[in-house]
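So the chains spell out like this:
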Amino acid sequence: MSQKMSIAIGGKKYTLTADSPEQENAYRAAAYSVNKMLSVYTAKFPGKDMDEILSFVALNEGIGAIMMKKKLEAVEKELQTLKNQIDTYLDNIDNQPPAEIR
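Throughout what follows, the structure given in this document is the object of discussion.

Calculation notes
- Residues numbered from 1 in each chain as written.
- Predicted model: local features only at pLDDT ≥ 70, side-chain atom pairs only at ≥ 80, totals over all residues.
- Heavy atoms only, no water.
- Helix = DSSP H or I, 4+ residues; strand = E, 2+ residues; numbered from the N terminus.
- Rg over C-alpha atoms; globule rule 2.2 N^0.38 Å.
- Buried < 20%, exposed > 50% of the residue type's maximum accessible area, 1.4 Å probe, protein only.
- Contact = heavy atoms within 4.5 Å.
- Lys, Arg positive; Asp, Glu negative; His and termini not counted.
- Charge placed at Lys NZ, Arg CZ, Asp CG, Glu CD.
- Salt bridge = Lys/Arg side-chain N within 4 Å of Asp/Glu carboxyl O.
- Phe/Tyr/Trp six-rings, centres within 6.5 Å; stacked < 30°, edge-to-face > 60°.
- Pairing = 2+ DSSP bridges.
- Patch = residues over 30% accessible without salt bridge, like charges linked within 9 Å, V, L, I, M, F, W, Y side chains within 5 Å.
- Areas by Shrake-Rupley, 256 points an atom, 1.4 Å probe, with all protein chains shown as cover.
- Core = buried A, V, L, I, M, F, W, Y, C linked by side-chain atoms within 4.5 Å.

Some thoughts on the overall build of the chain
Alright, step 1. Helix and strand counts for the chain stand at two helices and two strands.
Alright, step 2. Along the chain direction, N to C, the helices and strands of the chain fall in the order β-β-α-α.
Alright, step 3. Since a compact globule built from 102 residues should have a radius of gyration of about 13 Å, the 25 Å found for the chain marks it as more spread out than a globular shape.
Alright, step 4. Considering only C-alpha atoms, the chain reaches an extent of 80 × 35 × 20 Å along its principal axes.
Alright, step 5. With 102 residues in all, the chain has 11% of them scored as buried.
Alright, step 6. A fraction of 17% describes how many contacts in the chain between residues 6 or more apart in sequence connect residues 24 or more apart.
Alright, step 7. Positive and negative charge centroids in the chain, built from 13 and 14 side chains respectively, lie 9 Å apart.

Below is the structure:
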């Protein structure tokens, strides 16, 4: 179910096609985030042109994406370690002789 949608970034309107409601929400959330950062950088660096400010926003978003990817990789590694520990524990339980009934 493709749906055309319109978002505004830095005062310019763009028409996009969203393949799902989730994708549409992601586009809108991303546009909101970019516009919010544009406001912050415009206030922080008055006199800079929009291309420079958009470069700062893109750099900031890129750094954020890289940091999140590293955190995700660390969590996945920890998850695998925990899974291995659980598997080892369960294997040890399965290999123990049954307890005697008293």
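Considering the pattern of salt bridges
Alright, step 1. Taken as a whole, this structure holds three salt bridges when the rule is applied.
Alright, step 2. A salt bridge links Glu 24 to Arg 28; the nearest nitrogen and oxygen atoms lie 3.0 Å apart. Of this pair, Glu 24 and Arg 28 both sit in helix α1 (residues 21–44), four residues apart, which is roughly one turn of that helix.
Alright, step 3. Between Glu 52 and Lys 48 there is a salt bridge whose closest N-O contact spans 3.9 Å.

Digging into the packing of aromatic side chains
Alright, step 1. In the structure shown here, the tally under the stated rule is three aromatic pairs.
Alright, step 2. When the ring of Tyr 41 is compared with that of Phe 45, the centres are 6.1 Å apart and the planes differ by 15°; the resulting orientation is stacked.
Alright, step 3. A relative accessible area of 16% places Tyr 41 in the buried class.
Alright, step 4. An aromatic cluster of three or more residues is present, and its members are Tyr 41, Phe 45 and Phe 56.

Here's the deal with the pairing of strand β2 (residues 12–18)
Alright, step 1. As judged from the seven bridges shared by strand β1 (residues 3–9) and β2, these two strands associate in the antiparallel manner. Residue pairing for β2: Ser 6 is matched across the bridge by Thr 15.

Side note on a nonpolar patch on the surface
Alright, step 1. There is a patch of nonpolar side chains on the surface, built from Ile 86, Tyr 89, Leu 90 and Ile 93 and spanning about 400 Å² of accessible area.
Alright, step 2. When you line up the elements, Tyr 89 lands in helix α2 (residues 50–95).
Alright, step 3. Using a relative accessible area of 54% as the deciding quantity, one classes Tyr 89 as exposed.

A few points about the environment of Phe 56
Alright, step 1. Mapped onto the elements, Phe 56 comes out in helix α2.
Alright, step 2. When its relative accessible area of 30% is taken as the criterion, Phe 56 is described as partly exposed.
Alright, step 3. When the C-alpha atoms of Phe 56 and Tyr 41 are compared, they prove to be 7.7 Å apart, with 15 residues separating the residues in sequence.
Alright, step 4. Apart from residues no more than four positions distant in its own chain, Phe 56 is found in contact with Tyr 41 and Phe 45.

Re the nonpolar core
Alright, step 1. Listed in full, the six residues of the largest apolar core are Val 34, Met 37, Leu 38, Tyr 41, Ile 53 and Val 57.
Alright, step 2. Mapped by element, the contributors of at least two residues to this core are α1 and α2.
Alright, step 3. Val 34 has contacts with Ile 9 and Val 57, leaving out every residue within four places of it along the chain.

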